[in-house]
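# Coordinate inspection notes
Spelled out from the first residue to the last, the chains are:
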Amino acid sequence: MHTVKRIALWSCAALLSIATAGVLFLAVAGDSFYLWAFRQTVEGATNRKVHVDGTFSFDLGWEPRLSVSNVWIENAAWTGKKEMARAEQIEIQVALKPLLSGILRLPRVVARGVDVELERSPDQRVNWDIGRTSDSRLEAAEDTLFPLVDSITLSDITVTYLDRGSGREIVLRMESLEQRHGGAGQEPAQVSGTGSLNRQTFRIDAQVGSIEDAIAALKPYPLDISLHSTNFTLLAKGTVDDLPGGRGLDISLNFDSPSLSAILRMLQIDAEGFGAAQAALRLKGGFAAPAAEEIAVSVTAPG
């Protein structure tokens, strides 16, 4: 019996020593180690090489903060282009305490000068394919923790899609997007932003529930989002039962356009003879695989 106790005590002491050493190592490790860990993590997730040409810093604490500048991800070899994505500046802060309850809370997210190029080849290869099957991507999405963000600042974000087979190109640009939660996450958040889709400007305005309401999950989390452009208006309003888990969607979408042909031309699709268009549907289920219900569409001839 004494032997068993000694073994148990030695085992506990060894585990405590390892844990202490690990904490001390993380506390004194320099940015070179964290940069290596950052690259390994991103490369493992994307199956692409990651390069940091600018600065990198990682501040450890109860809310660790990562800051990196001039970071880019290599493109697929068949594209003949070096970069698939580049960011001038990215800052992410993570709250560790909520992670113990399975909640990913980000007190601060900043992204500036981001360029992403998505391409499809004539033989239907795509450069965003990171080697997973559609089933594995769905499984990964279902297991993903959806972040709760206190503060978001996005500026100069551009995503370009090019279909080499048809020559069709779509450019989505987000000039600015700001989200702020008041009262240390205890009050609803206001979201506002401006951007353009193939040079057609739009504005986003939204009001969402508080961070604390999302964490407590005592009642459905409210969402009220509007996107206004010269050619269309899109409204999304409803609730999410479990926002961190991405489950329990009940969102009504309403789309209205004075000219469907104008929208199709903006998207470089040849289609004439369409007038005003309205559409409505209801999204149910989860973020990973939402289901559309109560679909209604109407299109009139041009007046």
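Residues numbered from 1 in each chain as written. Predicted model: local features only at pLDDT ≥ 70, side-chain atom pairs only at ≥ 80, totals over all residues. Heavy atoms only, no water.

### A closer look at the confidence of the model for the protein chain
- The share of residues in the protein chain with pLDDT of 70 or more is 83%, and the mean pLDDT across the chain is 83.
- Mean pLDDT in the protein chain bottoms out at helix α1 (residues 2-28), which sits at 39, and peaks at strand β7 (residues 151-163), which reaches 95.
- Taken as a whole, residues 1-28 scores under 50 in pLDDT and shows 6 contacts with residues more than four places along the chain or in a different chain. (pLDDT = per-residue confidence, 0-100. Helix = DSSP H or I, 4+ residues; strand = E, 2+ residues; numbered from the N terminus. Contact = heavy atoms within 4.5 Å.)

### Here we look at the pairing of strand β4 (residues 83-95)
- In this structure, strand β3 (residues 65-74) lies alongside β4, joined through 9 bridges in antiparallel fashion. If you follow L66 over to β4, its bridge partner there is I92.
- The pairing of β4 with strand β5 (residues 105-120) spans 9 bridges and is antiparallel. Bridged to Q93 within β5 is R108. (Pairing = 2+ DSSP bridges.)

### So, the packing of aromatic side chains
- A full pass over the atoms with the stated rule returns 5 aromatic pairs.
- Here F38 and F56 contribute two aromatic rings whose centre-to-centre distance is 5.5 Å and whose plane-to-plane angle is 45 degrees, an arrangement assigned as tilted. Taken together, the residues span a long stretch of sequence, with F38 in helix α2 (residues 31-46) and F56 in strand β2 (residues 56-59) at a distance of 18 residues.
- On the basis of relative accessibility, which here comes to 17%, the residue F38 falls in the buried class. (Phe/Tyr/Trp six-rings, centres within 6.5 Å; stacked < 30°, edge-to-face > 60°. Buried < 20%, exposed > 50% of the residue type's maximum accessible area, 1.4 Å probe, protein only.)

### Here's the deal with the pattern of salt bridges
- A complete count under the given rule lists 19 salt bridges for this structure.
- A salt bridge links R164 to E119, with the nearest nitrogen and oxygen atoms 2.7 Å apart. Of this pair, R164 sits in the loop between β7 and β8 (168-181) while E119 sits in strand β5, and the two are 45 residues apart along the sequence.
- Residues R125 and D123 are paired through a salt bridge, measuring 3.2 Å at the closest nitrogen-oxygen approach.
- R125 sits in the partly exposed class, given a relative accessible area of 41%.
- Several salt bridges converge on common partners, so that one network encompasses D59, R65, E91 and R108. (Salt bridge = Lys/Arg side-chain N within 4 Å of Asp/Glu carboxyl O.)

### Digging into the pairing of β3
- Of all 10 residues in β3, 7 are buried, a share of seventy percent or more.
- Of the pairings in the sheet, the one linking strand β1 (residues 50-52) to β3 comprises 3 bridges and is antiparallel in character. Counted as the bridge partner of H51 is W72 from β3.
- Sheet topology places β2 next to β3; 4 bridges connect them, and they run antiparallel. Across the sheet, the residue bridging to D59 is R65, located in β3.
- Once β2 ends, the chain turns through 5 residues before running back antiparallel as β3.

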